[in-house]
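# Notes for the structure review
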Protein chains: 2
Amino acid sequence: VVVTSTGFALADTDPLPSWNEGATKTAIVDFMTAITTEGGPDYVAPADRIATFDNDGTLWSEQPMYVQLAFALDRVKALAPEHPEWKDEEPFKSVLDGNLEALAASGHKGLLEIIAATHAGMSTDAFTEIVTDWMATAKNAKTGKLSTEMIFQPMLELIAYLKANEFDVFIVSGGGIAFMRPWTETVYGIAPPNVVGSSIALKYDDTDGAPKIMREAELNFNDDGPGKPVGIESHIGKRPIAAFGNSDGDFEMLEWTTSADGRRLGMIVHHDDAAREFAYDRKSHFGKLDRALDAAPQEGWTLISMKDDWKTIFPAE
Amino acid sequence: VVVTSTGFALADTDPLPSWNEGATKTAIVDFMTAITTEGGPDYVAPADRIATFDNDGTLWSEQPMYVQLAFALDRVKALAPEHPEWKDEEPFKSVLDGNLEALAASGHKGLLEIIAATHAGMSTDAFTEIVTDWMATAKNAKTGKLSTEMIFQPMLELIAYLKANEFDVFIVSGGGIAFMRPWTETVYGIAPPNVVGSSIALKYDDTDGAPKIMREAELNFNDDGPGKPVGIESHIGKRPIAAFGNSDGDFEMLEWTTSADGRRLGMIVHHDDAAREFAYDRKSHFGKLDRALDAAPQEGWTLISMKDDWKTIFPAE
Ligand SMILES: [Ca+2]
Ligand SMILES: [Ca+2]
């Protein structure tokens, strides 16, 4: 119920207009009604209304590759003139040759070298500026759209619906915390303190009279899989009552959220709409959904079919 | 200006009634006026109004020893019957003998052993319960009061004043994040996501069908000194515009806050009131204030004299 400026109550304004009517939308609305009904058996006080969202594939598209991976590869290309040796050195050679299969073969070690070369060795302020500039111009390789245009309108409505019901809403992503924070407030309405993600080590440096925080070439925290409940405990310090993901990397976050006592909501965005976005699950390199897809029925996690449940995918231009 | 229920504006309600009039109180009010005056040269948008508070010695008393140290020593005593070997093993022997000098001589290694024995090896939920039970009953060795009764009334008013002016208020403490979160919301009105502190490693465990997060006997993060700006960056992701501390462990937090462009506020609680609380600074084992005391004038940090600036210290009973 929205009270208009004229003082009349405008009943039944749909908080989720981009969601088709059906079991999925009903599950969301029923959950909200249950946990906000004072005196009801499932009532949750506002202070304990915590919701967590995965980012890649849950709030925005992650195909044909993770946005942050595209960023890292672009940074290697941008920095290559300063590193002539990269023409002959892996993993950089493969990146510059556009040979993603060879890059994948360089494995974890190769990825760490690319992160060290593109995400470390500068101050936090300098990195924020690099990310902001890149996000403003870099286009998705398949659609030609900005990444920030490939966010999911139904999920924006869900975030707003949760906030309107006094939820504290967090992103809990395997992606880099410093890669997300420069734009999540503008794009999703989620401020930096409410962003949880993977991180590299930071070091305070006040040696030259202008203090800065330097980004170091060393992994600090991997906010994926079993790391997600740990990231939640570290940054939030409360157990969520609602969680939204799209891949096996969200299994433990969903499990941690929905296995507690009381009414809980766990949902998985299923990418089944090749016509309007992308269709993938068990075999995908990015956003693989296999174990969590099998577990969903017994765990009580609701699958969100992008094809059937979403009237629109992306915000209107 | 507070608008009363009768609709009249009640001007000049003092937001800081426990602060004596003078330069310190004026510095706070002038800062607030400057950063909230729209169109003024020092205006700061609400989204960037971040304030950080140290805890021990800034929000509550830290003498005759840190509250968390008293907790750890009490836990050693409580657990001793299950560990008969502690009677002959350092550092536990010294704790059980009440020999704090010998304990201090066991140094960093001894402290880690005590943390491992008292803060690790249980789930986060179990630890929260232990802390909550202890806080409800343990008394300060000098005053016989609960620790939560030895919080500083003027600082509670300052937190409320900042929040009323749309600040996001955080604790940034060298103390353990998990030791603070069970009670900061009730005692200070600061919720768990807004508490930053030191931590041990956490591990998600879903092996037995009832997922839990286990506390591991391994330090994860030391939120003190140069760790404070790093903790701020990690948890908040924005640079504070106001910071409040009381010891050399707050030097870098104050420096990081006040050396940025724009109007900033840095303040140090100076324990100079032996009659009503405790008097200590350069030579104290707990809350040593030496380097930051010397640097305050040139850095523009205001000293808060507990004796002269505070009308009352503790909340009325
Ligand atoms: Ca994902
Ligand atoms: Ca302190």
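## Observations regarding the interface of chain B and chain A
At the interface, 30 residues of chain B touch 30 residues of chain A. Buried area between chain B and chain A, both sides added, is near 2,500 Å², and the carbon and sulfur share of it is 60%. It is B:Pro193, B:Tyr204 and B:Trp256 in chain B that bury the most area against chain A; as a group they hold 22% of the surface buried on that side. At the junction of chain B and chain A, the tally comes to 2 salt bridges.

## Things to note about the coordination of the calcium ion (ligand 1)
Residue and element names in this part refer to chain A. Within the first shell, the calcium ion (ligand 1) binds the protein through Asp 54 (OD), Asp 56 (O) and Asn 246 (OD1), at distances of 2.2 to 2.3 Å. Counting along the primary sequence, the residues that act as donors to the calcium ion (ligand 1) give the motif D-x1-D-x189-N. Taken together, the residues span a long stretch of sequence, with Asp 54 in the loop between β3 (50-53) and α2 (67-79) and Asn 246 in the loop between β7 (242-245) and α10 (251-258) at a distance of 192 residues. As far as burial versus exposure is concerned, Asp 54 and Asn 246 are alike and both buried.

## Observations concerning the coordination of the calcium ion (ligand 2)
All names here are of chain B. At the metal site, the calcium ion (ligand 2) is ligated by Asp 54 (OD), Asp 54 (OD), Asp 56 (O) and Asn 246 (OD1), and these contacts range over 2.2 to 3.2 Å. For the calcium ion (ligand 2), the single-chain donor residues occur in sequence as D-x1-D-x189-N. Here Asn 246 lies in the loop between β7 (242-245) and α10 (251-258) and Asp 56 lies in the loop between β3 (50-53) and α2 (67-79), a separation of 190 residues in the sequence. Residue Asp 56 shares its accessibility class with Asn 246, and that shared class is buried.

## Notes on the confidence of the model for chain A
All names here are of chain A. The pLDDT averaged across chain A works out to 95; a share of 96% of its residues lies at or above 70. A low-confidence stretch, residues 1-11 stays under pLDDT 50, and its non-local contacts, those more than four residues away or across chains, total 9 contacts. Both scores are available for the predicted complex, with the pTM at 0.95 and the ipTM at 0.95.

Parameters and conventions
Residues numbered from 1 in each chain as written. Chains lettered and ligands numbered in written order. Predicted model: local features only at pLDDT ≥ 70, side-chain atom pairs only at ≥ 80, totals over all residues. Heavy atoms only, no water. Contact = heavy atoms within 4.5 Å. Buried area = accessible area lost by both parts, 1.4 Å probe. Salt bridge = Lys/Arg side-chain N within 4 Å of Asp/Glu carboxyl O. Donors = N, O, S within 2.8 Å, 3.2 Å for Na, K, Ca; no water. Helix = DSSP H or I, 4+ residues; strand = E, 2+ residues; numbered from the N terminus. Buried < 20%, exposed > 50% of the residue type's maximum accessible area, 1.4 Å probe, protein only. pLDDT = per-residue confidence, 0-100.

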